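Analysis of the macromolecular model
If you want the building blocks of each chain, they are given just below.
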Amino acid sequence: MGENISGDFAHSYACSTREHLLEQKKAEGEAYRAGKNLGYHLGYNLGFESGYEKGYSEGNALGYNNGFLAALGLGEGNLKPNKKLEDCVCQTLQKLIAHGQAGLVLTGYAAREVEGLLKLIKIDATVADSGTKL
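How each quantity is defined
Residue numbering note: each chain is counted from 1, following its sequence as written. Predicted model: local features are reported for residues with pLDDT of at least 70 only, side-chain atom pairs are reported and counted for 80 or more only, and whole-chain, interface and lining totals are derived from all residues. With hydrogens and water stripped out, all remaining heavy atoms of the structure feed into the side-chain values. Helix numbers and strand numbers start at the N terminus; a helix is a DSSP run of H or I with at least 4 residues, a strand a run of E with at least 2. Expected span, for any helix, means 1.5 Å times one less than how many residues it has. Here the term buried applies to any residue with accessible area under 20% of the maximum for its type, exposed to any over 50%, and partly exposed to those in between, with areas from a 1.4 Å probe on protein chains only. Starting at the helix axis, one direction is taken to each C-beta atom, and the arc is that of these directions. By definition, a salt bridge exists where a carboxyl oxygen of Asp or Glu is found within 4 Å of a side-chain nitrogen of Lys or Arg.

Since there are 3.6 residues in each turn of an α-helix, residues three or four apart along the chain are aligned in direction. Taking 1.5 Å per residue, 14 residues should reach 20 Å; helix H2 (residues 85–98) reaches 20 Å between its end C-alpha atoms and fits that length. Of all the positions in H2, only Cys88, Val89, Thr92, Leu93 and Ile97 are classed as buried. In an axial view of H2, the angular spread of the buried residues amounts to 155 degrees, which keeps them on one side of the axis. In H2, those exposed residues whose orientation departs by more than 90 degrees from the buried face are Lys95 and Ala98.

At Lys122, a position not held by glycine, the phi torsion is positive, near 60 degrees. Position of Lys122 among the secondary structure elements: in the loop between helix H3 (111–120) and strand S2 (126–127).

Attention shifts here to the pattern of salt bridges. Considering all chains together, one arrives at 2 salt bridges under this definition. One salt bridge connects Glu115 with Arg112, and the closest N-O pair in it is separated by 3.7 Å. With Glu115 and Arg112 both in helix H3 and 3 residues apart, the pair spans about one turn of that helix. Across the pair Lys119 and Glu115 runs a salt bridge whose closest N-O atoms are separated by 4.0 Å. In this pair, Lys119 and Glu115 both sit in helix H3, 4 residues apart, roughly one turn of the helix. Where salt bridges share partners, they join Arg112, Glu115 and Lys119 into one cluster.

If you want it as structure tokens, here you go:
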């Protein structure tokens, strides 16, 4: 812009504007593409991270469930073909609790209701008081 101050105003303005406009258009195009790519990548990253978190939490819970079943001896391949997993878990818990090898302590708002439901299937459980340390 400083070159336009001296000399023939119309000639200097016309010459510098054309070069300047080309450079400006080029810079705008690069900025637009960079911004578009950045926006795309940020959106992709956000989607990836939320998907990763969801997958991690579900996989984590599945891992805990598989570890629980393995501890009961009901891991993959240990089930009888004509029995349901839920039935096997209940029977195994009943045996372990009856022999004093395991105990079930319930916490939370629905602990009393769950205790009643577990009694229906002959599983003894204890409801933890708010001051009880597990």
